[in-house]
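Results of the structural survey
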Amino acid sequence: MNSSTISTELPKTETTAEWPKTETTAEWPKTETTAEWPLWEVFVRAKAGLDHKHCGSLHATDARMAVQLAREVYTRRQEGVSVWVVKSIDITASDPGDKDMYFDPMEDKVYRHPGFYELPDSVNHM
Amino acid sequence: MYTQAMDTAPKEERRAVRSAEEAVLEQRFDERIDAGGSIEAKDWMPEHYRKTLVRQISQHAHSEIVGMLPEGNWATRAPTLKRKAILLAKIQDEGGHGLYLYAAAETLGTSRDQMIDALHSGKAKYSSIFNYPTLSWADIGVIGWLVDGAAIMNQVPLTRCSYAPYARAMVRICREESFHQRQGFDALLVMMRDGTEAQRAVVQDAVNRWWWPSLMMFGPPDSESPNSAQSMRWGIKRISNDDLRQKFVDATVLQARVLGVTMPDPLLRWNEERGHHDFGPIDWAEFWRVVGGHGPCNRERLAARVRAWDEGAWVRDAATAFARKQAMKEQSMKEQAA
């Protein structure tokens, strides 16, 4: 068998013809589809003993669906043992515009770090 | 899979007139990029940077979703249960990758519905490679080996993209993508090693058909990529189309030898002086024809997406109605308890 005989036996499923539109498609009311499902943020705990970590977002109608979809989307390879979801609009975040005002005051408080204190070698493992 | 260097839009001019305040913000933005810093969703960014990313990320997402179609063509006809399970896992991955990317694009202020509208109306592009048909089982193996292989070359540098939500999505995708390429090579290896003469011919035929379209996945030559320079400047793109293409050719030639297939290019040979393989000219007229909507399967792919969306409308409506009803029930139970 050479490649030209192979191509004659090809399945005919992939035609370039357009799909026929079913009658119902046209008649379905478009009431709800224009409203997007709410956005949820997904947090996954990789294994017992670790924090839940933000890993992405997805759309779902309610919390239960969000958990189900999070499982399908973010843990297909056992990446987690627990999932949290929270509606994105329910998250309050600091303003990136305030970043300097908010976080820079900690910059000059080096005495909050253990490395600030120089101790004699014999006790420096403290 | 499956990004393609999508510098297929006309060169875009930036607005010349900017306010003084904007100029300061933009200078700070440029400094951050130069220092190798990341840009997060809520950070200030030039409008043109935002637009470029929305276009690239959404087209990348569309490519993942449309990329499910040529593979889906073989889901019911995989030769063994093992291959079927592998193929289904891969197709599910592509759906997941599309989702990570849509979510990354949404952080830039575009909505999922807007993006899907753009795809369905033909306004948004997706990778031209999916407008070719999957005619034999070997095509599924070759897509894994060559198409996913090319996609990985494209995508690995994107994990260092300056826009952090995109980079994070790419890290996740690249981690999963390696399985796609390896399973494809493995499927082909079995056919070449244990197959009949006819089965080996099917593999060679598939390689012949997919080789050139795979090289086109890296996008037009650097000399004809109008927006490349700006994307490089902004750290959206890290390696040029031609450099990535060369890297891909060099990597796959050895793999083809292991497999026992040849590439359909009489000019393909090692160039000692350059330290790279030379290869024949790419038919860019074909590339532009396919990008422009006239590939073998453009109409079928888009029609399949539109049909899936339209026929799924009642499911989306039902889920929304159910959620609303549940919420109302909960509300009235709370009120009764109070």
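Residues numbered from 1 in each chain as written. Chains lettered and ligands numbered in written order. Predicted model: local features only at pLDDT ≥ 70, side-chain atom pairs only at ≥ 80, totals over all residues. Heavy atoms only, no water.

Let us now look at the packing of aromatic side chains. In the structure shown here, the tally under the stated rule is 14 aromatic pairs over all chains. Taken together, a centroid distance of 6.5 Å and an interplanar angle of 75 degrees make the contact between A:Y111 and A:F116 edge-to-face. Judged by centre distance (6.2 Å) and plane angle (80 degrees), the rings of B:F29 and B:W44 are edge-to-face. With a gap of 15 residues between them, B:F29 in helix α1 (residues 20-34) and B:W44 in the loop between α1 and α2 (47-66) connect regions that are remote in the sequence. Of the residues examined, B:F29 reaches a relative accessible area of 3% and is grouped as buried. On the accessibility criterion, B:W44 (31% relative accessible area) is partly exposed. A network of ring pairs unites the aromatic residues B:F29, B:W44, B:Y49 and B:W234 as a single cluster. Looking at B:R172, its charged tip hangs above the ring of B:Y100, at a distance of 5.6 Å from the centre. (Phe/Tyr/Trp six-rings, centres within 6.5 Å; stacked < 30°, edge-to-face > 60°. Helix = DSSP H or I, 4+ residues; strand = E, 2+ residues; numbered from the N terminus. Buried < 20%, exposed > 50% of the residue type's maximum accessible area, 1.4 Å probe, protein only. Lys NZ or Arg CZ within 6 Å of the ring centre and 35° of its normal.)

Turning next to the environment of B:I236. Residues and elements named next belong to chain B. With respect to the helices and strands, I236 occurs in the loop between α9 (228-233) and α10 (241-259). You can call I236 buried: its relative accessible area is 1%. The residues contacting I236, other than those within four sequence positions of it, are Y49, T52, L53, Q56, L158, C161, S162 and S231. (Contact = heavy atoms within 4.5 Å.)

All names here are of chain A. Strand order in this open sheet of three strands is β2-β1-β3, and the pairing throughout is antiparallel. Two strands bound the open sheet, and with one partner strand each, they are β2 (52-59) and β3 (82-87). Geometrically, the sheet is characterised by an average inter-axis angle of 25 degrees between neighbouring strands, direction not taken into account. Most of the contacts of helix α3 (residues 63-74) go to β2, to which it runs at about 110 degrees, and overall it touches β1 (39-45), β2 and β3. (Pairing = 2+ DSSP bridges. Axes fitted to C-alpha atoms, helices over the stretch in contact; angles between N-to-C directions.)

Confidence in the prediction for chain B averages 92 pLDDT; 95% of positions are at 70 or higher. Interface confidence in the predicted complex, given as ipTM, is 0.86; pTM for the same model is 0.86. (pLDDT = per-residue confidence, 0-100.)

Residues and elements named next belong to chain A. Most of β2 is tucked away, with six of its eight residues classed as buried. Where β1 meets β2, seven bridges bridge the pair, whose relative direction is antiparallel. Along β2, the bridge assignment pairs L39 with H59. Linkage of β1 to β2, two consecutive antiparallel strands, is achieved through a turn of six residues, within which G49 is found at a positive phi near 105 degrees.

The next thing to look at is helix α4 (residues 81-106) of chain B. Between its terminal C-alpha atoms α4(B) stretches 38 Å, which fits the 38 Å expected from 26 residues at 1.5 Å a residue. In terms of burial, α4(B) is largely enclosed, as 19 of its 26 residues are buried. (Expected span 1.5 Å × (residues − 1).)

Attention shifts here to the nonpolar core. In terms of nonpolar packing, the biggest core is built from 50 residues, with B:W145, B:L188, B:V203, B:W210, B:W211, B:F248 and B:V261 touching the most fellow members. Broken down by secondary-structure element, the contributors of at least two residues to this core are α4, α6 (137-155), α7 (164-194), α8 (197-216), α10 and α11 (284-294) of chain B. For B:W145, the contacting residues outside a window of four places in its chain are B:Q181, B:G184, B:F185, B:L188, B:V207, B:T252, B:Q255, B:A256, B:L259, B:V261 and B:M263. A:M65, B:I39, B:M170 and B:I236 belong to the second-largest nonpolar core, a separate cluster that totals 41 residues. (Core = buried A, V, L, I, M, F, W, Y, C linked by side-chain atoms within 4.5 Å.)

This brings us to the pattern of salt bridges. Within the structure shown, the criterion is met by 22 salt bridges over all chains. Here B:E176 makes a salt bridge to A:R77, at a shortest N to O gap of 3.6 Å. Pair noted here: B:E176 is in helix α7 and A:R77 is in the loop between α3 and β3, and the two residues belong to different chains. You can call B:E176 buried: its relative accessible area is 5%. (Salt bridge = Lys/Arg side-chain N within 4 Å of Asp/Glu carboxyl O.)

Quick look at the packing of α4(B) against helix α5 (residues 112-120) of chain B now. All names here are of chain B. Orientation of α4 relative to α5, taken along the N-to-C sense of each, is 115 degrees, at an axis distance of 9 Å. Note that α4 runs across α5; the crossing there is right-handed. Of α5, the residues touching α4 (which contributes L99, Y102, A103, A105 and E106) are R112, M115 and I116. The residue inventory of the contact of α4 with α5, partitioned by class, reads six nonpolar, no polar and two charged. (Left-handed = near helix turned anticlockwise from the far one by under 90°. Nonpolar A, V, L, I, M, F, W, Y, C, P; charged D, E, K, R; others polar.)

All names here are of chain B. Taking 1.5 Å of rise per residue, the 19 residues of α10 would be expected to cover 27 Å, and the 26 Å separating its terminal C-alpha atoms lies within 8% of that figure. Those residues of α10 that are buried lie in contact with α6, α7, α8, β2 (276-278) and α11. Of the residues one or two after α10, G260 is the one with positive phi, at around 90 degrees.

Moving on, we get to the confidence of the model for chain A. Across chain A, the average pLDDT comes to 78, with 73% of residues at or above 70. Confidence drops under pLDDT 50 across residues 1-33 of chain A; counting only partners more than four residues distant or on other chains, this segment forms 54 contacts.

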